[in-house]
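Spelled out from the first residue to the last, the chains are:
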Amino acid sequence: MADINKLAQMFKELDDQLVGCMRCGMCQAVCPVFAQSGRETDVTRGKLALLDGLASEMLTDPEGVNEKLNRCLLCGTCQSNCPSGVSVMDIFLKARAIMTGYFGLSPVKKAIFRGMLKNPKLFNMLTDMGSLFQGLFTKKVDDMLGSSCARFNAPVIGDRHFNTLSSKPLHKTFPEMDSAPGKSGLKVAFYVGCVIDKIFPHVGEAILDVLKYHGVGVYMPKGQACCGIPALSSGDTETFDTLVDLNMERFKDGEFDYLVTGCATCTSTIKELWPRMYTGNPALKGDINVLEQKTMDISQFLVDILKITPQEITGGKSVTYHDPCHLKNSLGVTAQPRTVIKAAGCDFKEMAEAGTCCGCGGSFNIAHYDMSKKIGGRKADNIMASGAQIAATSCPACMLQITDMLSQKEASMECKHVIELYADTLRGK
Amino acid sequence: MTKDAIVKEFEAIVGGENVMTSETDRHAYSYDAAVLDSVMPALVVRPETSEALGAATKLCNDNGLPLTVRGAGTNLSGGTIPHPGGVVVLTNGLNRILEINEEDMYAVVEPGVVTAQFAAEVAKRGLFYPPDPGSQTVSTLGGNVAENAGGLRGLKYGVTKDYVMGMEFWDVNGQLVKTGSRTVKCVTGYNLAGLMVASEGTLSVFDKITLKLIPPAQAAKSMMAIFPSMKAASETVAAIIANKIVPATLEMMDNFTIRTVENFRGAGLPVEAAALLLIEVDGHPAQVEDEAAMVEKICKANGATELKVAKDAAERDAVWQARRDALPALAKLKPTCVLEDATVPRSKIPAMIEALEDISKKLDLTIGTFGHAGDGNLHPTILTDKRDKQEWERVEKGIDMIFEKALAMGGTLSGEHGIGLAKSKYLEQETTRATLEYAHRMKSVLDPKGILNPGKIIGFRK
């Protein structure tokens, strides 16, 4: 472990970014964690002050700072509302990398990131096996939501209501694909993402069906790796770089006009973080930038490129929409998913606070489940108050969280990806 | 008592989870929004009931611990920077709206209620709470009273002090003092609530606050007038008031601010304009029509080259978005942003604008000026980088010069940000030696151990 002065030196490199925070405190108005706790260390201004304190060697407790730093969903709401335009996400991710360099990666994370994520084949094999045996440990709680809970007292799972691993992940049904453009004259690469592949393969299938319907060719290489956000948000830049390398390797041979995903988090990671946070092979930078330009969320592709438009309400089902942070705050995509819902002929009902975080935040949910549950509970209340029959969103991670929250509140309503609604309509359901 | 023993006592009062002693927690309460050095408190406590607030106050006094009350910590004059070794008492756990009385048009709140949330609740009942400080989405009502916060509507609707009808507060002995009432008229006893407004936590710890509410205006009209010089714009401000029209809002922006806002938002502001006035009149629809027409006439007579009247809600929003963008747009230009609130009589605005331009040239400083021209409350905003020592010295000199000028024109040190630590050194200059001594004598009786936010406003007794 390096000494604390060394750590301070590393944080001084963030000085030019840290100094931009004028401590106005306006982040208090939008931070979902602060809204629950009212603690200054839980809001961005406080965290930036702590990092500044470390850099200026005013603080002697890096472990304490690290603990506070991790109490953040990385939802980016503060950044998109910051009067001074502080690059909060940049600072936090770099700070986490510095902290991980200093404290080392925990053995569990090391096993997950370096042992499993870095090796997509092994990852697939392990989750395939997991899906066979999970029934022994879990039981169904809500058929409509498809949620389960632990059969026995399990420390990591707690009282969560979760979606289990699919018995047939997308990579089993469609190991790879390379189809020619149809009537649209367009071809897209499909980046699947771990959660869609392993937990919600039907979302992936919906995307493929929709693309086929619109005559869009699909390039889906096998062996796609994780986008890297779990590793990066834990400060493991080494694994992040490797995952970017692996994915760039997979997609480099395809010819396509756009790269689409059904995951808000993957989209924003590819668009925002691959170009900015990748520290690997400098020769790859150009290719990463080209890919970033082509990358978009599936709803954005349908509305902005294929120009689908709202239809008359046909299905009779009423739907509300939760804005995933990574679409709203990072990429400013809010109108298109709503258009897709309307294009599916659904009766759209706006919920209160649609743009506030659901409280998932990836590993935040694991480390701070109580806080995650409080934030998510409020989301579930807003969803239920909207009067809609279905809660839709554009991020599979949000789907997991919303499913857990709705299931625990016995809301008896479904949580779906917007693309499923659209695909269902095309399929005549 | 040892520190451990004191911590245990606080834990007994507010609960273990509401006493923060770690280095990181204490560091997070060592600053506010003022550009001043931070000071670490010894501990931070967060009472969730009135009784706990009172008991915590008494415990501080019994042990001679300096006590700084903190709401959202947004204040711009260092009023919530703690005293070394002191205790920060957070009020954001006391955030209940206890009553909104529609019949008698008042509300009773705890000090930690967030201003904008309160205003929204009031609006839901068809009533209006006008004070709208720039930080209202996070600032607390207790903090607003302690700083006598203002806002864009100060000209017509007044500031926080005009809405405080009554209060309950804790004295240093942990006894609850009640003052004012739920009635519009009340002359029972000393006007202690009036004394507490703008006292910045130096005289008591606020508990419940009773606030006046009013009916909202039925109609409003917003417009943007473009001027070839700041002089013409500021003379227009004086002329509007002289014609007995009191707009709800009358805001000004200089060319530097206009260009910065335009770069930031690209909303189509006239970047060539030397000055802009953003004006809103409100009231009865007929009166609004009349006044808008008169304002238009006065603007033109005073040299406005163009006048745009908002036709609908969207255009009205665009006018106010431009004003709301002023600070964030300026703040993005440089790392450090010193937002001052020197205030002069309205007739002196042209002279003050000229003085600011002089100071900016003389000291080679970037100053963007915008603000509440209608009430003489300007926000000269100095853009700098505090790490540049040489420039920072010039900034400090510039601040001195700004206040000197404002005072020479019969103005005041602070329109709405408070005195805090930042401006206590100028206080005698605006008032008199006797004023300061009177204040010290009063404080020494109400707070004999000097625990309540030491050093703020009146400094330390020399």
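The rules behind each value
- Residues numbered from 1 in each chain as written.
- Chains lettered and ligands numbered in written order.
- Predicted model: local features only at pLDDT ≥ 70, side-chain atom pairs only at ≥ 80, totals over all residues.
- Heavy atoms only, no water.
- UniProt positions renumbered as here; feature names shortened; annotations may be inferred.
- Helix = DSSP H or I, 4+ residues; strand = E, 2+ residues; numbered from the N terminus.
- Rg over C-alpha atoms; globule rule 2.2 N^0.38 Å.
- Buried < 20%, exposed > 50% of the residue type's maximum accessible area, 1.4 Å probe, protein only.
- Contact = heavy atoms within 4.5 Å.
- Areas by Shrake-Rupley, 256 points an atom, 1.4 Å probe, with all protein chains shown as cover.
- Lys, Arg positive; Asp, Glu negative; His and termini not counted.
- Charge placed at Lys NZ, Arg CZ, Asp CG, Glu CD.
- Axes fitted to C-alpha atoms, helices over the stretch in contact; angles between N-to-C directions.
- Parallel < 35°, antiparallel > 145°, perpendicular 65-115°, else oblique.
- Left-handed = near helix turned anticlockwise from the far one by under 90°.
- Nonpolar A, V, L, I, M, F, W, Y, C, P; charged D, E, K, R; others polar.
- Core = buried A, V, L, I, M, F, W, Y, C linked by side-chain atoms within 4.5 Å.
- Arc of directions from axis to C-beta.
- Buried area = accessible area lost by both parts, 1.4 Å probe.
- Salt bridge = Lys/Arg side-chain N within 4 Å of Asp/Glu carboxyl O.
- Polar contact = N/O pair within 3.5 Å; in protein donor to acceptor, adjacent residues only side chain to side chain.

An unreviewed UniProt entry annotates chain B as FAD-binding protein of Pseudodesulfovibrio sediminis.

Identification of chain A as Glycolate oxidase iron-sulfur subunit from Pseudodesulfovibrio sediminis is taken from an unreviewed UniProt entry. Under the UniProt heading Function (unreviewed entry), the entry covering chain A gives this text: "Component of a complex that catalyzes the oxidation of glycolate to glyoxylate."

**Q** Would you explain the overall build of chain B in this entry?
**A** Within chain B one finds 15 helices and 16 strands. Expected size for 462 residues packed as a compact globule is a radius of gyration near 23 Å; at 23 Å, chain B falls within 12% of this value. Relative to its full complement of 462 residues, chain B shows a buried share of 58%. Long-range pairs, those at least 24 residues apart, make up 71% of the contacts in chain B with a sequence separation of at least 6. Carbon together with sulfur atoms contributes 52% to the accessible area of chain B, which is approximately 19000 Å² in total. Considering chain B, the positive charge centre built from 50 side chains and the negative charge centre built from 59 side chains are found 2 Å apart.

**Q** Is there a simple way to think about the packing of helix α1 (residues 3–14) of chain B against helix α3 (residues 50–62) of chain B in this case?
**A** For any two helices packed against each other, one specifies the inter-axial angle together with the distance between the axes. Residue and element names in this part refer to chain B. The contact between α1 and α3 brings their axes to 9 Å, and the two run at 165°. Here α1 lies roughly antiparallel to α3, going by the angle between them. Where α1 crosses over α3, the handedness of that crossing is right-handed. The residues of α3 that touch α1, namely those facing I6, E9, F10, I13 and V14, are A52, A55, A56, L59 and C60. Split by residue class, the contact of α1 with α3 holds nine nonpolar, no polar and one charged.

**Q** Sorry, what's going on with the nonpolar core here?
**A** A general trend in soluble globular proteins is that nonpolar side chains are found buried together. In this structure, F11, F92 and F301 of chain A are the most contacted members of the largest nonpolar core, which totals 122 residues. Top contributing element to this core by residue count: helix α7 (residues 88–103) of chain A, with nine residues. Contacts of F92 of chain A, omitting those with residues within four sequence positions, involve T44, K47, L48, L51, L69, C72 and L74 of chain A. Core analysis: the next-biggest nonpolar cluster, separate from the first, contains 56 residues, V237, I240, I402 and L407 of chain B among them.

**Q** Is there a simple way to explain helix α1 (residues 4–12) of chain A in this structure?
**A** Since there are 3.6 residues in each turn of an α-helix, residues three or four apart along the chain are aligned in direction. Residue and element names in this part refer to chain A. Buried within α1 we find L7, A8 and F11. One side of α1 holds all its buried residues, which, seen down the axis, span an arc of 100°. Packed against the buried residues of α1 are α2 (15–18), α4 (44–55), α5 (62–69) and α7.

**Q** Explain the interface of chain B and chain A to me, please; I cannot follow it from the model alone.
**A** Interfaces are frequently sized by the accessible area removed from exposure as the parts join. On the side of chain A, 33 residues touch chain B, which itself brings 32 residues to the contact. Between chain B and chain A, the buried area comes to about 2400 Å², and carbon and sulfur atoms account for 54% of it. Contact with chain A buries area across many residues of chain B, yet E23, T24 and H27 of chain B alone supply 23% of it, more than any other trio. Across the pair R387 of chain B and D15 of chain A runs a salt bridge, and its minimum N-O distance is 2.8 Å. Across the chain B-chain A interface, the total number found is 14 residue pairs in polar contact (both at pLDDT 80 or more). Put simply, the parts of the chain that give the side of chain B that touches chain A at least two residues each are α2 (23–27) and α11 (313–331) of chain B. Here the residues of the side of chain B that touches chain A sort into 13 nonpolar, ten polar and nine charged.

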